[in-house]
Amino acid sequence: MNLHEYQAKRLFAEHGVPIPAGKVARTPTEARDIARELGGHVVVKAQVHTGGRGKAGGVKLAHSANEAEEAAAQILGMDIKGFTVHKVLVDELAPGIEQEIYLAVLIDRAQRLPMIMASAAGGMDIEQVAEEAPEKIILVHINPALGVRGYQATYIADAMDLPRELWRDFYKVVSGLYACFTAKDASLTEINPLVITSQGKLLAVDGKMTIDDNALSRHPNLTELRDLEEEPQSEREARGAGINFIQLDGNIGCMVNGAGLAMASMDIIKLFGGEPANFLDIGGGAKASQVATGLRLILSDPNVEAVLFNIFGGITRGDEVARGIIDALRTIDTNVPMVVRLAGTNAEEGRVILADADMETAVTLSEAAQKAVALAGGAQ
Ligand code: GDP
Ligand code: MN
């Protein structure tokens, strides 16, 4: 789950990271009122789940309440990389920026450890820095049992040539960002830029945070931060129905029960030269209504030229799934060809239910995959 900048920065601040005063506005008038409260000198920033807002015109400086209102009017409704802006953050302007630093905590999957990533070349895309000047990126792994040690912060500060008077404050920011990362089960906490102001203070001007979805059950109050407006309609609907759904680029829709079986099905489609259009796990014990929702999700993708059902009946019963398919087909008008492979619990009953439906059946997974690839126009 991605958070907005304003949400991320508030969480950072709870862990002692200095952030500018600011509030969220949904209308230009609200933005004007907030700017007036903050003294007029503000930055108005699009709140969307994507970076590069600055370059896209989604970050504007204002020096009066009226200017802030104008800036908000320009930014609200703007499209940034496919995201429509519904909210702006109105933040007190940093009092002069001397330097922009990049600072993040993330997981190094290869080392299986959290790590700090820092760079004195902040402000711009860190991917670009990594490509053009990798030596400017500093990486430090953190032992989760120990947390961030003072010497590690010192090492980073020194490697970035940070003025010595800021080292203590820098340690507070790094350990606060790390504490926030672990406390909220984040997979990323990022400040870009962390600025040095002309008053010689560190200030987190931007914030980004991703929470591990699998840990959300441990943080009921974070669930409220989910911004439904920002998520693709299909994924929202899937979550509502308890379905695991990820959109992909291919043309063969897949409906499978079980994540492992879903991955195996995608592999075998690729083995026969096809491209899966999605990952969809209807889960164990799927009911007919879930199957219907899943099929609607798959068919809402215009790239889908064939659908493969691979159902292994265990807790999920073949006849339930078959009924779901029939139910779904009653409400969906489609001529996309479909292949079904049912095995396991009540597979036979399922096949009987599907006998009248206009669908191909297959006994083995490889037979089913080959049929689906052929129906979708052959190997790519
Ligand atoms: P991003 O483009 O989506 O990463 O948005 P940022 O929040 O990082 O803003 C982009 C740039 O706007 C920053 O790198 C800063 O240079 C500038 N900026 C953001 N906030 C302020 C501020 O309070 N004062 C000034 N002068 N510049 C700011
Ligand atoms: Mn930024």
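The preceding data block contains the structure.
Here's what I pulled together on the structure shown here.

The rules behind each value
Residues numbered from 1 in each chain as written. Chains lettered and ligands numbered in written order. Predicted model: local features only at pLDDT ≥ 70, side-chain atom pairs only at ≥ 80, totals over all residues. Heavy atoms only, no water. Donors = N, O, S within 2.8 Å, 3.2 Å for Na, K, Ca; no water. Helix = DSSP H or I, 4+ residues; strand = E, 2+ residues; numbered from the N terminus. Phe/Tyr/Trp six-rings, centres within 6.5 Å; stacked < 30°, edge-to-face > 60°. Buried < 20%, exposed > 50% of the residue type's maximum accessible area, 1.4 Å probe, protein only. Contact = heavy atoms within 4.5 Å. Polar contact = N/O pair within 3.5 Å; in protein donor to acceptor, adjacent residues only side chain to side chain. Near = heavy atom within 4 Å. Areas by Shrake-Rupley, 256 points an atom, 1.4 Å probe, with all protein chains shown as cover. 1 Å grid on protein atoms, 1.4 Å probe; cavity = no way out; pocket = protein on both sides within 12 Å on 5 of 7 lines; lining within 4 Å. Sits in = over half its atoms within 2 Å of the grid points. Nonpolar A, V, L, I, M, F, W, Y, C, P; charged D, E, K, R; others polar. Domains from an automatic or database assignment. Arc of directions from axis to C-beta. Salt bridge = Lys/Arg side-chain N within 4 Å of Asp/Glu carboxyl O. Core = buried A, V, L, I, M, F, W, Y, C linked by side-chain atoms within 4.5 Å. Expected span 1.5 Å × (residues − 1). Points joined across faces, edges and corners; volume = space filled by probe spheres on them.

Quick notes on the coordination of the manganese ion (ligand 2)
No. 1: Here the manganese ion (ligand 2) is held by Asn192 (O) and Asp206 (OD), and the distances to it run 2.2 Å. Of this pair, Asn192 sits in strand E10 (residues 186-197) while Asp206 sits in the loop between strand E11 (202-204) and strand E12 (208-211); the two residues are 14 residues apart in sequence, bridging distant segments of the chain.

With respect to the packing of aromatic side chains
No. 1: Tallied over the entire structure, the rule returns 1 aromatic pair.
No. 2: With centroids separated by 6.3 Å and ring planes inclined at 20°, the aromatic side chains of Tyr178 and Phe181 adopt a geometry described as stacked. Of the two residues, Tyr178 and Phe181 are both situated in helix H6 (residues 167-183); the distance of 3 residues between them amounts to about one turn of the helix.

As for the environment of Ala56
No. 1: Within the fold, Ala56 resides in the loop between strand E2 (42-46) and strand E3 (59-62).
No. 2: On the basis of relative accessibility, which here comes to 40%, the residue Ala56 falls in the partly exposed class.
No. 3: Linking Ala56 and Glu229, residues 173 residues apart in sequence, is a C-alpha distance of 20 Å.
No. 4: With residues up to four places along the chain from it excluded, the contact list for Ala56 reads Met78 and Ile80.

Some thoughts on the side chain of Asn257
No. 1: In this structure, Asn257 sits in the loop between strand E14 (252-256) and helix H9 (259-271).
No. 2: Polar side-chain contacts of Asn257 include one of 2.7 Å to the backbone oxygen of Phe312.
No. 3: Only 3.5 Å separates the side chain of Asn257 from the side chain of Thr316, close enough to count as a polar contact.
No. 4: Setting aside its immediate chain neighbours within four residues, Asn257 contacts Asp281, Ile282, Gly283, Asn310, Ile311, Phe312 and Thr316.

Considerations on the site of ligand 1
No. 1: Near ligand 1 there are 16 residues, and of these Lys45, Arg53, Gly54, Ala94 and Glu100 occur at the shortest range.
No. 2: Take Glu100: an N or O atom from its side chain is 2.6 Å from an oxygen atom of ligand 1.
No. 3: Out of a free accessible area of 560 Å², ligand 1 has 81% covered by protein chains.
No. 4: In this structure the site holding ligand 1 corresponds to the largest pocket.
No. 5: Here the residues of the shell around ligand 1 are counted per class, giving 7 nonpolar, 5 polar and 4 charged.
No. 6: Viewed by domain, the shell around ligand 1 spans two of them, domain 1 (21-92) and domain 2 (97-223), each represented by three or more residues.

Remarks on helix H13 (residues 365-375)
For an α-helix, 3.6 residues make a turn, and residues three or four places apart therefore share a direction.
No. 1: For H13, the set of buried residues is Leu365, Ala368, Ala369, Ala372 and Val373. Across the axial projection of H13, the buried residues extend over an arc of 130°, all falling on one side.
No. 2: Buried-residue contacts for H13 involve E14, H9, strand E16 (306-313) and strand E17 (338-344).
No. 3: Positive backbone phi, approximately 100°, marks Gly377, located one or two places after H13.

Points about the pattern of salt bridges
No. 1: Following the criterion strictly, the structure yields 20 salt bridges and no others.
No. 2: Notably, a salt bridge pairs Asp185 with Arg218, separated by 2.9 Å at the nearest N-O pair. With Asp185 in the loop between H6 and E10 and Arg218 in the loop between E12 and helix H7 (220-223), the pair connects residues that are 33 residues apart, well separated along the chain.
No. 3: Classification of Asp185 as buried rests on a relative accessible area of 18%.
No. 4: Taking relative accessible area as the criterion, Arg218 reaches 61% and is therefore assigned exposed.

Description of the nonpolar core
No. 1: Core analysis: the largest hydrophobic core is formed by 38 residues, its most contacted members being Leu103, Phe170, Leu194 and Met209.
No. 2: Considering every element that reaches this core, the biggest residue donor is H6, with 8 residues.
No. 3: Apart from residues lying up to four places away in sequence, Leu103 is in contact with Ile116, Met117, Ala118, Phe170, Val173, Val174, Leu177, Thr189, Glu190, Ile191 and Leu194.

Brief notes about H9
No. 1: Compared with the 18 Å implied by 1.5 Å per residue over 13 residues, the 18 Å span of H9 between its first and last C-alpha is a close match.
No. 2: Inspection of H9 places Ala262, Ser265, Met266, Ile268 and Ile269 among the buried residues, and these make up the whole buried set. Burial along H9 is one-sided: seen end-on, the buried residues are contained in an arc of 165°. Within H9, the exposed residues directed more than 90 degrees away from the buried face are Asp267 and Leu271.
No. 3: In this fold, the buried residues of H9 make contact with E14, strand E15 (278-281), E16 and H13.
No. 4: Backbone geometry just downstream of H9 places Gly273 in the positive-phi region, at approximately 90°.

As for the layout of surface pockets
No. 1: If you add up the space inside the largest pocket, you get close to 1100 Å³.
No. 2: Lining the largest pocket are 45 residues, with Gly52, Arg53, Gly123, Asn192 and Asp206 sitting closest to its centre.
No. 3: For the lining of the largest pocket, the class distribution of residues is 19 nonpolar, 12 polar and 14 charged.
No. 4: For the lining of the largest pocket, the two domains that each supply at least three residues are domain 1 (21-92) and domain 2 (97-223).
No. 5: As a volume, the second largest pocket reaches approximately 710 Å³.

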